[in-house]
Amino acid sequence: MAIVVIWIVCAILTITDVFSKTSEARTDSRLFVLEEAAWFRLLYPCQWGIPTVSAASVLGMMAGVLASIVESVGDYYVCARLAGAPPPPTHAINRGIGIEGIGCIIAGLWGSGNGTTSYSENIGAIGITKVGSRRVIQFGAIIMFLFSIIGKFGALFVTIPDPIIGGVFLVMFGLITAVGISNLQYVNMNSSRNLFIVGFSLFFGISLPYWVRKHPGYIDTNNETANQILEVLLSTSMFVGGVVAFIFDNTIPGSKEERGMSVWEKVRGQSTASNKDLECYDFPFGMNVIKKMTVLQHIPFCPTFMDWKCGNGRNQENALNPENTELTQNSRL
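Throughout this description, residue numbers start from 1 for each chain and increase along the sequence as written. Note on the predicted model: pLDDT of at least 70 is required for a residue's local features to be given, and 80 or more for side-chain atom pairs to be given and counted; whole-chain, interface and lining totals, by contrast, use all residues. Side-chain metrics in this entry use all non-hydrogen atoms of the structure; hydrogen atoms and water are not considered.

So, the confidence of the model for the chain
As a per-residue measure, pLDDT tells how confident the predictor is, with possible values from 0 to 100. Within the chain, residue pLDDT values average 77, and 88% of them lie at 70 or more. Predicted confidence in the chain is weakest over helix 13 (residues 261-273), with a mean pLDDT of 64, and strongest over helix 9 (residues 192-214), with 90. In this model, residues 312-333 is a region of pLDDT below 50 whose contacts with residues beyond four sequence positions or in other chains number 65 contacts. Each helix is a run of H or I in the DSSP string that is no shorter than four residues. Each strand is a run of E no shorter than two, and both are numbered from the N terminus. Should any heavy atoms of two residues lie within 4.5 Å, those residues are considered in contact.

See below:
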């Protein structure tokens, strides 16, 4: 509603010529997009030709996919926190990454020009609207399918002035940043070790990608594919900061209490101890059949999956034990 109100205000100020002709807040600066867009357009696979595949393009995209996976895992935890759900178990994360991969394949066939991944802005919308229902997302997806064939509808959103988009981003990314920082609530921030890791990772994760974007082509390994991979990875703030923090946190000595691991293990143990809480990550139907098939315990994206553990045995913390847990058929994916 706030976006619509400000959009109308910008339109009134545009009509009355309060904004200058070059102002980015004008609503008529991109009206030509709306005028040129077709009313209806049927989408179909390979509309821009048959997709081509090469080793260089595959390796280059792998770098982007790797950075996207790191970002998506963080998004899953933030989404669960904002929605009031328990931390996602391994099978839910595996399933999410797998669906993103399928989405990327479909996007490539349709020639959309971009991959499919979790979008931090949408997670920020959960914090603003306080709506985390799957039904809303499902109905939203249906609406998007229907309106995708109406060219004028998509072109209408292109006319939204940039300052409005900037304001929305400020709120959404502000919430995402705050939620991310709140995950450090169990970490001892009086420790110089933790202060160094957090501060260095945040600053380095911002500064290095900025430098890489400002100096395109500076990375030269005498291999074009390697250059593309390094540029994509090093220009992704979440990847750079996450990798640096991961390396430091696992190499600089520190106790579990100091790192906050003991509390997180307790929180995760409480969630996994009650499988009732984890039913929100189950399939929407067929769970009574799935829990009887022991072979599915080895499928990484199945709700009955038992985490693989380095060493002896399996980690069954996230496993669903049919002997002591009764799963209902009303469990949701």
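Re helix 8 (residues 162-182)
By this rule, a helix spans an expected 1.5 Å times one less than how many residues it contains. Between its terminal C-alpha atoms helix 8 stretches 30 Å, which fits the 30 Å expected from 21 residues at 1.5 Å a residue. Each residue's exposure class comes from its accessible area (1.4 Å probe, protein chains only) as a fraction of the maximum for that residue type: buried when under 20%, exposed when over 50%, partly exposed otherwise. Inspection of helix 8 places I164, V168, M172, I176 and V179 among the buried residues, and these make up the whole buried set. Mapping the buried residues of helix 8 onto a view down its axis gives an arc of 85 degrees, with all of them on the same face. With respect to the buried face of helix 8, the exposed residues turned more than 90 degrees away are L170 and I181. Throughout, the arc means that of the directions going from the helix axis to the C-beta atoms.

A few points about the pattern of salt bridges
We define a salt bridge as a side-chain nitrogen of Lys or Arg found within 4 Å of a carboxyl oxygen belonging to Asp or Glu. Considering all chains together, one arrives at 2 salt bridges under this definition. Among the salt bridges present, the one from R259 reaches D249, with a minimum N-O distance of 3.1 Å. Of the two residues, R259 sits in helix 12 (residues 256-259) while D249 sits in helix 11 (residues 237-251), which places them 10 residues apart along the sequence. Looking at R259, the relative accessible area reads 21%, which means it is partly exposed. You can call D249 partly exposed: its relative accessible area is 22%. One network of salt bridges, with partners in common, ties together R193, D249 and R259.

Describing the layout of surface pockets
Considered as a void within the structure, the second largest pocket measures approximately 2,400 Å³ in volume. When contributions to the lining of the second largest pocket are tallied by element, the ones reaching two or more residues are helix 3 (55-83), helix 8, helix 9, helix 11 and helix 13. Of the residues belonging to the lining of the second largest pocket, the class tally is 25 nonpolar, 13 polar and 9 charged. Using a grid of 1 Å spacing that covers the protein atoms alone, one calls a set of points a cavity when a 1.4 Å probe fits there but cannot get out, and a pocket when the set is open and has protein on both sides within 12 Å along at least five of seven lines; lining residues are those with an atom within 4 Å of a point. Grid points are joined across faces, edges and corners, and a volume is the space filled by probe spheres set on the points. Charged means Asp, Glu, Lys or Arg here, nonpolar means Ala, Val, Leu, Ile, Met, Phe, Trp, Tyr, Cys or Pro, and polar covers whatever is left, Gly included.

Some details on the packing of helix 5 (residues 120-129) against helix 8
Between helix 5 and helix 8, the least distance of the axes is 8 Å, while the angle of their chain directions is 85 degrees. With respect to each other, helix 5 and helix 8 are oriented roughly perpendicular. Within the contact between the two elements, helix 5 uses S120, E121, G124, A125, G127 and I128 and helix 8 uses F169, V171, M172, F173, L175 and I176. Axis geometry follows a simple rule: fit a line to the C-alpha atoms, using only the stretch in contact for helices, then measure angles between N-to-C directions, giving values from 0 to 180 degrees. If an angle is under 35 degrees, it is roughly parallel; if it is over 145, roughly antiparallel; if it lies from 65 to 115, roughly perpendicular; otherwise it is oblique.

Focus on the nonpolar core
By size, the foremost hydrophobic cluster in this structure holds 6 residues: W7, C10, F19, A25, I160 and I164. In terms of nonpolar packing, the next biggest core, distinct from the first, is built from 5 residues, F283, M287, I290 and L296 among them. Only buried Ala, Val, Leu, Ile, Met, Phe, Trp, Tyr and Cys residues count toward a nonpolar core, and they belong to the same one when joined by side-chain atoms within 4.5 Å.

Description of the packing of aromatic side chains
Two rings belonging to Phe, Tyr or Trp (six-membered ring only in the last case) form a pair when the distance between their centres is within 6.5 Å. Interplanar angles under 30 degrees mark stacking, angles over 60 mark edge-to-face geometry, and anything in between is tilted. Tallied over the full model, the rule gives 5 aromatic pairs. Among the aromatic residues, those joined into a cluster by ring pairs are F196, F200, F204 and F248.

Section: a nonpolar patch on the surface
On the surface, M1, V4, V5, I6, I8, V9 and I12 cluster together into a nonpolar patch covering about 660 Å² of accessible area. Position of V9 among the secondary structure elements: in helix 1 (residues 2-15). Of the residues examined, V9 reaches a relative accessible area of 38% and is grouped as partly exposed. Only residues whose relative accessible area exceeds 30% and that form no salt bridge enter a patch; like-charged residues are grouped when within 9 Å of one another, and nonpolar side chains (Val, Leu, Ile, Met, Phe, Trp, Tyr) when within 5 Å. Here the accessible surface of atoms and residues is derived via Shrake-Rupley with a 1.4 Å probe, and residues count as covered only by protein chains that are part of the display.

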